[in-house]
Amino acid sequence: MKLFFSAKAKLALPQILIITPIALAFSYLVIQNFSTPLVGGGDIDSWEYTGFYFLKNLSFSPLSHLSFINDQTFYPYGTNAVFQSWSIERDSYYALMYSLFRFGAWLQFYYLFSLIFTFVGASILLVRDYGLYRAVGAGLLMSFFNFYTIHKYPHHFNITVIHWLVFSLIVDFLIVRRIILKQHLSLKLILVRICLIILVLGSELGYLAGFALMSLTISCLYLTVVIIYRCSVKKEQKLSSIIGSEIKNLKIQFLNQPYIAIFLLLLSGIFSYYYLPLVFQIAKEAKSFNFSGVTMGAWWANPLRLLIPHIRGIDPGQAIFEKVLKDSPEGYGAASPGWFLIIIGTVGLWQARKKITLFIPLLIIFLLCLFYHPAYFPTLKIFPWFTFNRVGGRATVIYPVILTIFALHINYERWRSPFKKIIAVLLVLLACTEVYTAYSIKVDSYKPYSLDKNFLNYMAFVRQQPGEAVLDWPFCVAGGNGVGTDAFCPYYRKNYAIHTFQRFHHKKVVGYTYGRLHPLQIEPYVQAGWDSLFFPDTNDFSEAKQQQRCFSSSEWNFFTDFYKFNDFAGINLYTDLLPENCLNEFYQRFGTPSIETKVVDTGRVQFIAKSPQLRKQLNLALGKTVKFTPYLDGLEANFLTDIKPSGFKEVTGLSKIEQNEQNSKWRWALGAETKITFNLRKPQPLQLGFSLTSPINNQNINIELNGTPIYTSINLNKSDVASRTTIFQGFTGLNTITFKYKDWNKNGVTFEPNDDRPMAVSFNQLVIATEVKNNDSTPKQ
C-alpha cells in the first residue's frame, strides 16, 4: 500500500480514479438492475440457489461440512446434490447477506465488486515490475476488456467472477520472471501465492479454480526443470547454495516486515480451515459416481475463432461462423478475445522474443486451452481436476490475461516513427471499435427480468402453508449432460429453473436441474413411472410448449396417490403448460387456487393448497413407493392425433405431428428406427395399422415385435405408399414394436439438404389397438 503514497504512485492516481466512471457506466449498461434479486429463468436463477443451499446445509463439526444427501430436491426420493456449480466464496457471501437482509441484489453487487477488485488488484501486483501506467492499463484490459466473461453475465455467472484466477496467473508469471532473471524472490510474493492457492478454491471449482491450479502446476514444473538445468548441466551454482541463499534472504525480509507475513499466513490458515474440507468433500462426493459410458456432453470452440474480431457484422456472434467452423461455442466470444488483444499480445511477445523463456508456462497454458476438445483432443484432462470439463470455450476467460501479460513487454520507444504512430492510432481505433461492438451487443441482448408485483407475496403465502414440500406441475428433472431431460423435463426451455424458487418459499421440491446427472439418480423416477405422465406437443424439449392432453383415470389415480401420501403443502400449477380442460380438472379434484403470479419463461403459476381431507391421508413410506405402470389393454392409440397416446411407456424415433393447409397430417420417422414400448396385463391379440410413404429409393423397412419380424418391405421406391393392417400376439408385461429403416436423410441419401432431421419415411397413419376389429392382414402396396 505504500506505493500509493509514494511520489511515483501519485502519478497513477488520476488513472486509477477512472475506475469510478467506468464502474458506473458498467453498472448502468450491463448489470442494469440493483433493485431485485438476480432472477431471469434458466441458469440465472441457479446462482442464488447454491448460496441458499449453503445457508441451509452448511455446518461445522468442527470442520466445515455440507449436507449433500437429502430430499430437499428430488422429493420424496432424495438424491446427492453435489453436482451443482459451487463457488464457495460466492455462495458464502450470498448466504451471509440472505441471512442478514433476506432478498436483495447481492450477486449483482458481488459481480461489480469483483470487476473493480480485479482491476485494482492486477494493477497493484504489476506496478513494481512494469510501472504505474502499464499496470493500470493491464488492469483495465484484464477486467473490463474480457468480453467473453462480460457476455457470460448473468446466465453463466459462475464464469464471470475471475479475480482470484487473474491474480494467480499474474503472480505465477512474476515468480517465473524473477527466477528466470535470477532475481531474489520476495517473501510477500511467495506468501501471496500461497494465499492465492487457497483463495482461488473459493472460485468456481470446475473451471476457474482448475485453470489457476494448472498455471501453478505448469509454472512449478517449468521452474524445476530450469533450476535442475542450471545446477546439473550448466553447473552455475549448487542447488544447496541456491536454497540456502533464498532462505537467508526470506528470513531477512520476514524480520523487516513481520506483520505483513503474519497477516498473509493467518489469512491462508483461516481460509484453509473453511475451504479445504468443503473442496475435498465436493471432490469425494463427485467421484463416488462412475460416469464411464454416461453422456457428458462436449462443447468445442474451434481455435480459428481466435482470428474473429469484435466488429459488427463479422463479430463472434454471427451464426455463419458456427456453420463454417463446425464447432459448438458456448456463448458470445468463445475463443475470440478480439483482434486488439491478439495484436498487442503478439507484438509484445515478438519484441521480447529474446526473453522467450519468461513466457514458456503461459504459452503452454494458452496452447493446451486453445486446442482442447472435451471428446477428441482432451489436452486439459491430463490434470485430474478437469475430469468434468466439457466446455472447451470457457478457457477464453484466461486469454485476455495471458495476452495482456505479453503486451506488457511492448517497447514503446520503437513506435516513435510517423508510420508506427499511425499504426498505434489505428490500434486505438480498433480497441474502441471492439469495446463498442462487444458492449453494444451485450446491451442489446440482455434485459433484466423484473419480478411480478405479486411474486414475493405468492412465495410468502406458500412458505406459510403446512407441509414440508411443494409439488410443481409439470416439474423438471434434468442434467446439463442430457440425462433425464427427454423423459422428465420435456418443457426444458420453459420450466427448468422452477426448482430455484425454493429460495423464496423454503419448501422441498420434486424436480431439479443439476449441472450433470448420473442415471442412478433418476432411477426412482423411472421406477415410479413418471415418464409416462408427460405428453408434450413435440418430442423436442427445446421447442415443447404444453401438455397435449390431460390424465387418464389411471394416471389421475397415481398422481393423486403421490400427492396425498407425501407431505405437500400444495401444488404450484404452471397453467401455461397445461390445456384448459386439464386446469378445470385440477380445480375439481384438488380445489381452487389461493393465489397466483407470473414467473419468467414458465408464465402463470397458481397455488392450490392441500385440503385437510387429503392431508389426513399422509403416509410418507407409501408416498415414496407409489408407482404407475401404463397399460395398453382396452385402448386404441392413434399416433397421428397424439404425440404420446395413453397407455404407452415410451415412443422414440418419431417427429412431432405436422400438417399442411389441406389438413393432411403426417409424422416423420427419424433415424435408424422408430420404437414404441407398451405394457399389457395379459396376453392378447393386437392390431397394427399403418400407412407410410418413402421419400427414398430402395428403402427397406422391417417391423419387429419384441425382436421377432412381423413385416418386411424390400425396395420401396420414392413416393411409394406401404399400407398394412396386421394382427399379432402381444405378451404379458413389456412389449416393443420397432420399425427399422435402411436409409434416412443424410445417411445413405440426402433428399432434404436444408433439413438436418434424419427423416426415413413419413407416416400418414399409425394406429395400435388391443380390440381387434377385423382379421384383414393382407399387405397393400
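Read on for an overview of the structure. All values derive from a computational prediction rather than experimental measurement.

1. With respect to helix 10 (residues 208–233)
Each full turn of the α-helix corresponds to 3.6 residues, which orients residues three or four apart in the same direction.
Thought 1: For helix 10, which comprises 26 residues, the first-to-last C-alpha distance of 37 Å matches the rise-based estimate of 38 Å (1.5 Å per residue) to within 8%.
Thought 2: Count one or two residues on from helix 10 and you reach Lys235, which has phi positive near 50°.

2. What about the sheet that holds strand 10 (residues 595–599)?
Thought 1: An order of 7-5-9-11-10 is seen for the five strands of this open sheet, with the pairing classed as mixed. Sheet topology places strand 7 (508–509) and strand 10 at the edges, where each strand pairs with a single neighbour.
Thought 2: As paired strands, strand 5 (residues 469–473) and strand 7 are joined by two bridges and run parallel to one another. The residue bridging Val470 from the neighbouring strand is Val509, located in strand 7.
Thought 3: Seen against the sheet, helix 18 (residues 455–464) touches strand 5, strand 9 (568–574), strand 10 and strand 11 (603–609) and runs at an angle of roughly 130° to strand 10.
Thought 4: Packing of helix 23 (residues 553–565) onto the sheet brings it into contact with strand 5, strand 9 and strand 11, and relative to strand 9 it is tilted by some 135°.

3. What about the pairing of strand 10?
Thought 1: Of the two faces of strand 10, only one is covered, namely that formed by Ile595, Thr597 and Val599; the face formed by Glu596 and Lys598 stays uncovered.
Thought 2: Bridge count between strand 10 and strand 11: five bridges; the pairing is antiparallel. Following the sheet pairing, Ile595 is matched in strand 11 by Phe607.
Thought 3: Two successive antiparallel strands, strand 10 and strand 11, enclose a turn made up of three residues, where Asp601 displays a positive phi of approximately 70°.

4. So, the sheet that holds strand 16 (residues 673–680)
Thought 1: Spatially, five strands are ordered 13-16-21-18-19 in an open sheet, and the strand pairing comes out antiparallel. In the strand order of this sheet, the two ends are held by strand 13 (648–652) and strand 19 (708–716), each with one partner. Strand-to-strand twist across the sheet, computed as the mean angle between neighbouring axes with direction ignored, equals 10°.
Thought 2: The pairing of strand 18 (residues 699–705) with strand 21 (residues 733–741) spans five bridges and is classified as antiparallel. Counterpart to Glu704 in the pairing with strand 21 is Thr738.

5. Some points on the side chain of Thr736
Thought 1: Note that Thr736 resides in strand 21.
Thought 2: Accessibility expressed as a relative area gives 19% for Thr736, which makes it buried.
Thought 3: Contact partners of Thr736, with chain neighbours within four places excluded, come to Lys675, Ile676, Thr677, Glu704, Leu705 and Asn706.

6. Description of the packing of helix 10 against helix 15 (residues 360–370)
Thought 1: Orientation of helix 10 relative to helix 15, taken along the N-to-C sense of each, is 135°, at an axis distance of 9 Å. Judged on the interaxial angle alone, helix 15 and helix 10 are oblique. Between helix 10 and helix 15 lies a crossing whose hand is right-handed. Only Ile360, Pro361, Ile364, Ile365, Leu368 and Cys369 of helix 15 make contact with helix 10, whose side of the interface consists of Phe211, Met214, Ser215, Ile218, Ser219 and Tyr222.

7. Looking at the packing of aromatic side chains
Thought 1: In this structure the tally under the stated criterion is 88 aromatic pairs.
Thought 2: Its end group placed over the ring of Tyr207, Arg394 keeps NZ or CZ at 4.8 Å from the ring centre.
Thought 3: Residue placement shows Lys610 over the ring face of Tyr563; its charged tip is 5.2 Å from the ring centre.

8. Digging into the side chain of Glu89
Thought 1: Mapping Glu89 onto the fold places it in helix 5 (residues 88–101).
Thought 2: Buried and unpaired, Glu89 has Arg90 as its nearest opposite-charge partner, separated by 8.9 Å.
Thought 3: With residues up to four places along the chain from it excluded, the contact list for Glu89 reads Tyr110, His163, Trp164, Gly202 and Tyr275.

9. Let's talk about the pattern of salt bridges
Thought 1: Under the definition given, this model contains 24 salt bridges.
Thought 2: The shortest N-O distance in the salt bridge between Glu48 and Arg503 comes to 2.8 Å. Taken together, the residues span a long stretch of sequence, with Glu48 in helix 4 (residues 46–57) and Arg503 in helix 21 (residues 502–505) at a distance of 455 residues.
Thought 3: Residue classification places Arg503 among the buried residues on the basis of a relative accessible area of 0%.
Thought 4: Between Glu330 and Arg394 there is a salt bridge; the shortest N-O distance is 2.7 Å. Of this pair, Glu330 sits in the loop between helix 13 (319–325) and helix 14 (339–351) while Arg394 sits in the loop between helix 15 and helix 16 (399–407); the two residues are 64 residues apart in sequence, bridging distant segments of the chain.

10. Concerning the nonpolar core
Thought 1: Residues Phe211, Trp473, Trp530, Phe559 and Phe586 are the most contacted members of the largest nonpolar core, which totals 181 residues.
Thought 2: With 19 residues, helix 6 (residues 106–143) is the single largest residue contributor to this core.
Thought 3: Leave out the neighbours within four places in its chain, and Trp530 touches Tyr77, Trp473, Phe475, Phe488, Tyr525, Phe558, Phe559 and Phe562.
Thought 4: In this structure, Ala669, Leu686, Phe690 and Phe728 belong to the second largest nonpolar core, which totals 31 residues.

Each value, and the rule that gives it
Residues numbered from 1 in each chain as written. Predicted model: local features only at pLDDT ≥ 70, side-chain atom pairs only at ≥ 80, totals over all residues. Heavy atoms only, no water. Helix = DSSP H or I, 4+ residues; strand = E, 2+ residues; numbered from the N terminus. Expected span 1.5 Å × (residues − 1). Pairing = 2+ DSSP bridges. Contact = heavy atoms within 4.5 Å. Axes fitted to C-alpha atoms, helices over the stretch in contact; angles between N-to-C directions. Buried < 20%, exposed > 50% of the residue type's maximum accessible area, 1.4 Å probe, protein only. Parallel < 35°, antiparallel > 145°, perpendicular 65-115°, else oblique. Left-handed = near helix turned anticlockwise from the far one by under 90°. Phe/Tyr/Trp six-rings, centres within 6.5 Å; stacked < 30°, edge-to-face > 60°. Lys NZ or Arg CZ within 6 Å of the ring centre and 35° of its normal. Lys, Arg positive; Asp, Glu negative; His and termini not counted. Salt bridge = Lys/Arg side-chain N within 4 Å of Asp/Glu carboxyl O. Core = buried A, V, L, I, M, F, W, Y, C linked by side-chain atoms within 4.5 Å.

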